[in-house]
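So you can see what is in the structure, the chains are spelled out below.
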Amino acid sequence: MQIENDILIAASELIVKCAKNGEMIATAESCTGGLITGSLTGVDGSSSVVDCGFVTYSNEAKHQLIGVGNDLLEKFGAVSEPVARAMCEGALERAPNATIAISVTGIAGPGGGSPNKPVGLVHFGCAGKDRATITYHEVFAGDRHAVRKATVLKAFDLIAQMIDRT
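Fair warning: this is a prediction, and the values are worked out from it, not measured in the lab. (Residues numbered from 1 in each chain as written. Predicted model: local features only at pLDDT ≥ 70, side-chain atom pairs only at ≥ 80, totals over all residues. Heavy atoms only, no water.)

### Focus: the overall build of the chain
Put simply, the rule reads: Counting from the N terminus, the helices are DSSP H or I runs at least four residues long and the strands are E runs at least two residues long. Here the globule rule is a power law, 2.2 Å times the number of residues to the power 0.38, and the radius of gyration is based on C-alpha atoms. Partly exposed describes any residue whose relative accessible area lies between the buried limit of under 20% and the exposed limit of over 50%, with all areas from a 1.4 Å probe on protein chains only and scaled to the type maximum. Every residue pair with non-hydrogen atoms within 4.5 Å of one another is taken to be in contact.
Helix and strand content of the chain: 6 helices and 5 strands. The helix and strand sequence of the chain, counted from the amino end, reads α-β-α-β-α-α-α-β-β-β-α. Over its C-alpha atoms the chain spans a radius of gyration of 15 Å, differing by no more than 12% from the 15 Å that the globule rule assigns to 166 residues. Along the longest, intermediate and shortest principal axes, the C-alpha atoms of the chain span 45 × 30 × 25 Å. Taken over 166 residues, the chain has a buried fraction of 52%. In the chain, 66% of the contacts between residues at least 6 apart in sequence involve partners at least 24 apart.

### Some remarks on the pairing of strand S2 (residues 50–55)
Applied cut-off: At least two bridges found by DSSP between two strands is the condition for calling them paired. Orient the strands so they point away from the viewer, and a crossover whose first-strand-to-second-strand path over the helix runs clockwise is right-handed.
Taken together, the 5 bridges between strand S1 (residues 25–29) and S2 define a ladder with parallel strand orientation. Bridge pairing in S2 places Ala-26 opposite Cys-52. As a crossover connection, the stretch from S1 through helix H2 (residues 35–41) into S2 is right-handed.

### Some thoughts on the side chain of Lys-154
The condition is simple: We define a polar contact as two N or O atoms separated by no more than 3.5 Å, with the added condition that, inside protein, one atom must be a possible hydrogen donor and the other a possible acceptor, whereas residues neighbouring each other in sequence contribute only through side-chain atom pairs.
Locating Lys-154 in the fold gives a position in helix H6 (residues 144–163). By relative accessible area, Lys-154 is classed as buried at 18%. Only 3.0 Å separates the side chain of Lys-154 from the side chain of Asp-157, close enough to count as a polar contact.

### Things to note about the packing of aromatic side chains
The geometry of an aromatic ring pair is captured by the separation of the ring centres together with the interplanar angle, meaning the angle of the planes. Convention followed: Centres within 6.5 Å are what make two rings of Phe, Tyr or Trp a pair, Trp counting through its six-membered ring; a difference in plane orientation under 30 degrees is then read as stacked, over 60 as edge-to-face, and the rest as tilted.
Evaluation of the coordinates by the stated rule reveals 2 aromatic pairs. For the ring pair Phe-124 and Phe-140, a centre distance of 6.3 Å and an interplane angle of 80° mean the geometry is edge-to-face. In this pair, Phe-124 is assigned in strand S4 (residues 121–128) and Phe-140 in the loop between strand S5 (131–139) and H6, connecting sequence segments 16 residues apart. Among the residues examined, Phe-140 registers a relative accessible area of 11% and is labelled buried.

### As for helix H1 (residues 5–21)
This is how it is decided: What a helix is expected to span follows from its residue count: subtract one and scale by 1.5 Å. Within this analysis, the arc is defined by the directions that extend from the helix axis to the C-beta atoms.
Between its terminal C-alpha atoms H1 stretches 24 Å, which fits the 24 Å expected from 17 residues at 1.5 Å a residue. Here H1 has its buried residues at Ile-7, Ala-10, Ala-11, Leu-14, Ile-15 and Cys-18. Buried residues of H1 fall within an arc of 140° about the axis and therefore sit on the same side. Away from its buried face, by an angle of more than 90 degrees, H1 presents the exposed residues Asn-5, Glu-13, Val-16 and Lys-20. Buried-residue contacts for H1 involve S1, H2 and H6. Looking one or two residues past H1, Gly-22 carries a phi angle of roughly 70°, positive in sign.

The structure is reproduced here in structure tokens:
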């Protein structure tokens with residue numbers, strides 16, 4: 001898959017920032033299916049800052065791989081702030097070398113939305129060692145490709161914000 005130029009530029013900038021600050025990244029991805037990790041590893045020098053990526057598309061994977069509680073999944077649903085928080089905190093805990101973990105869970109479309117959780121809704125979590133977890137959500141406009149692209153770029157922004165908290 002060809003990674004778009006603006007994503008590669010943003011990934012390059014983030015990799016430089018992470019390397020300069022001694023940060024390593026883990027990802028816990030649902031709606032992006034590995035696109036965040038894939039975008040980062042598409043850049044030279046990524047091996048010094050990318051630790052690992054968890055693609056947890058199903059609820060079972062979220063639970064078994066990164067420890068998201070079944071109670072959270074049942075009570076709030078996979079696309080929710082509590083699950084995004086648990087995803088990033090679980091990924092950070094399970095990644096061998098990561099100092100920051102980003103998570104994304106959402107509805108990229110074209111189907112799957114509801115009045116309470118529309119297509120384009122994405123919940124983010126960003127956890128850092130010895131730093132408070134950041135959560136964020138947004139409803140992105142556009143088709144599946146646009147939602148996933150906007151999610152990747154916002155994830156990079158949240159990682160940069162977490163670095164600035166050191």
